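# Chains, contacts and geometry: an overview
Listed here are the chains, written in short residue letters.
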Amino acid sequence: MRRRDFIAGLCGAATAWSIAARAQQRIPVIGYLGMQTPESNFTATSAFKQGLNESGFVEGKNVAIESRFASGQFDRLPALAADLVRQQVDVILAPGLPPAVAAKAATTTIPIVFTMGEDPIKEGIVPSFNRPGGNVTGFTSFSNQLIAKRLELLHQTVPKATVIGFLVNPINPNADPDTADARTAALAHGLSLRVLGAASERDFERVFAAIAQEKIGALLVGVEPFFWARRQELVALATRNSVPAAYDRNIFPAVGGLMSYGTSTSEGDRQVGLYLGRVLKGARPADLPVVQSTKFEFVINLKTAKALGLTIPETLSATADEVIQ
């Protein structure tokens, strides 16, 4: 064999080996199990990306995200979770109680990191905050536990409103327990509660027609990812119909909503990104305590209050973490 052909053969073999080696260098995959549509994608938030990046992972570079969306059809979640398991993703991100329940039922081996507003112990997701055990851990904002506080703030802002509407997504499992909490809180203030359901955007007009017909004086909006994704439409209808409303996230006052009280959304998003990174590096969920939110924000939009003809009590303005002029 001529020396030139021998060297060429060696080079060709080295190139083939390099290609094969690169093909075997599979980057880790996060399986995202979403309740709603791609527009409500949790992994798109800057805080989540920050947490993931701080852990040394950048989407598209050294980690991939495989997403599945239920589009508000909660009964699809078990099948979508099973599909992610079949894809052999490295970790499942479950934003919300229904995805966490579906993911936990689908696998006992693939790590699961959740974020939710409910109490994960009460809901049977983990046995303990400090020692979650098994393959599940995550972050809880306790947002669903703050319904009474939101109603209290709304009542202080609109004291003449004796009938309060409570907007929920009736197909979300949190609708019934949250409604029970809202009824208890309303009773404590001597208020009547009217439960209003919206499972799709086309239900919004019907809801606000009922508010006018039943002379509902203010609206308490429940914790619901679908409402987060449609916040601009929801706030626009509340403004157009002159309905004072209280929400669970600061993303609502940011687009014109009257007020919100809840956990810092950036805190939770970043924490989940950090935990996913730790799991991808080999940490076991059983050894990662469930993180509980410690930062809560009260936001008031004074511009919206003025448009609604409301005077915000000075005591509330003084306690607000943010006042939007």
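Residues numbered from 1 in each chain as written. Predicted model: local features only at pLDDT ≥ 70, side-chain atom pairs only at ≥ 80, totals over all residues. Heavy atoms only, no water.

### Thoughts on the overall build of the protein chain
- Across its full length, the protein chain holds twelve helices and 13 strands.
- With respect to the principal axes defined by its C-alpha atoms, the protein chain has extents near 95 × 40 × 35 Å.
- Counting every position in the protein chain, which comprises 325 residues, the buried fraction comes to 51%.
- Surface accessibility of the protein chain: about 15500 Å² in total, with carbon and sulfur atoms responsible for 52%.
- In the protein chain, 32 positive and 29 negative side-chain charges are present, and the distance between their average locations comes to 7 Å. (Helix = DSSP H or I, 4+ residues; strand = E, 2+ residues; numbered from the N terminus. Buried < 20%, exposed > 50% of the residue type's maximum accessible area, 1.4 Å probe, protein only. Areas by Shrake-Rupley, 256 points an atom, 1.4 Å probe, with all protein chains shown as cover. Lys, Arg positive; Asp, Glu negative; His and termini not counted. Charge placed at Lys NZ, Arg CZ, Asp CG, Glu CD.)

### Quick look at the sheet that holds strand S11 (residues 291–292)
- Spatial strand order, S2-S1-S3-S4-S5-S11: six strands in an open sheet with parallel pairing. Each edge of the sheet is formed by a strand with only one pairing partner; in this case those strands are strand S2 (64–69) and S11.
- Where strand S3 (residues 91–95) lies against strand S4 (residues 112–116), four bridges are found, and the strand directions are parallel. Residue pairing across strands places Ala94 opposite Phe114, the latter belonging to S4.
- Here helix H3 (residues 77–86) sits on the sheet in contact with strand S1 (29–34), S2 and S3, set at roughly 175 degrees to S1. (Pairing = 2+ DSSP bridges. Contact = heavy atoms within 4.5 Å. Axes fitted to C-alpha atoms, helices over the stretch in contact; angles between N-to-C directions.)

### Re the packing of aromatic side chains
- With the rule as written, the count across this model stands at eight aromatic pairs.
- Taking the centre distance of 6.3 Å and the plane angle of 50 degrees together, the rings of Phe204 and Phe227 count as tilted. Note that Phe204 is positioned in helix H7 (residues 203–213) and Phe227 in helix H8 (residues 225–229), a separation of 23 residues in sequence.
- On the basis of relative accessibility, which here comes to 2%, the residue Phe204 falls in the buried class.
- Every member of this aromatic cluster is reached through a ring pair, and the members are Phe204, Phe226 and Phe227.
- Seen from the ring of Trp228, Arg249 lies directly overhead, with NZ or CZ sitting 3.5 Å from the centre. (Phe/Tyr/Trp six-rings, centres within 6.5 Å; stacked < 30°, edge-to-face > 60°. Lys NZ or Arg CZ within 6 Å of the ring centre and 35° of its normal.)

### Some points on the confidence of the model for the protein chain
- In the predicted model, the protein chain carries a mean pLDDT of 91, and 92% of its residues have values of at least 70.
- Every residue in residues 3–24 is under pLDDT 50, and counting partners more than four places away or in other chains gives one contact. (pLDDT = per-residue confidence, 0-100.)

### Digging into the nonpolar core
- Ranked by size, the top nonpolar core spans 28 residues in total, and within it Leu154, Ile164, Phe166, Leu193, Leu220 and Phe298 carry the most contacts.
- Of all elements in the fold, only helix H5 (147–157), strand S6 (163–168), helix H6 (175–188), strand S8 (218–221), strand S10 (259–263) and strand S12 (296–301) reach the threshold of two or more residues within this core.
- Here this core takes four residues from H5, the largest share from any one element.
- When sequence neighbours within four positions are dropped, the list of residues in contact with Leu193 reads Leu151, Ile164, Phe166, Thr179, Ala182, Arg183 and Ala186.
- Counting residues in each nonpolar core, the second largest holds 26 residues, with Leu33, Ala70, Leu97 and Val136 among its members. (Core = buried A, V, L, I, M, F, W, Y, C linked by side-chain atoms within 4.5 Å.)

### Focus: the packing of H3 against helix H4 (residues 97–106)
- Their axes nearest at 8 Å, the elements H3 and H4 cross at an angle of 50 degrees. As summarised for this structure, H3 and H4 are arranged oblique, according to the angle between their axes. Relative to H4, the crossing made by H3 is right-handed. On H4, the residues that touch Leu77, Pro78, Ala81, Ala82 and Val85 of H3 are Pro98, Pro99, Ala102, Ala103 and Ala106.
- For the contact of H3 with H4, the residue count by class is ten nonpolar, no polar and no charged. (Parallel < 35°, antiparallel > 145°, perpendicular 65-115°, else oblique. Left-handed = near helix turned anticlockwise from the far one by under 90°. Nonpolar A, V, L, I, M, F, W, Y, C, P; charged D, E, K, R; others polar.)

### Re the side chain of Glu297
- Within the fold, Glu297 resides in strand S12.
- One buried charged residue, Glu297, forms no salt bridge at all, with the nearest opposite charge on Lys295 at 4.2 Å.
- For Glu297, the side chain forms a polar contact with the side chain of Asn250, separated by 2.9 Å.
- Not counting chain neighbours up to four residues away, the residues in contact with Glu297 comprise Asn250, Ser260, Tyr261, Gly262, Thr263, Ser264 and Asp321. (Salt bridge = Lys/Arg side-chain N within 4 Å of Asp/Glu carboxyl O. Polar contact = N/O pair within 3.5 Å; in protein donor to acceptor, adjacent residues only side chain to side chain.)

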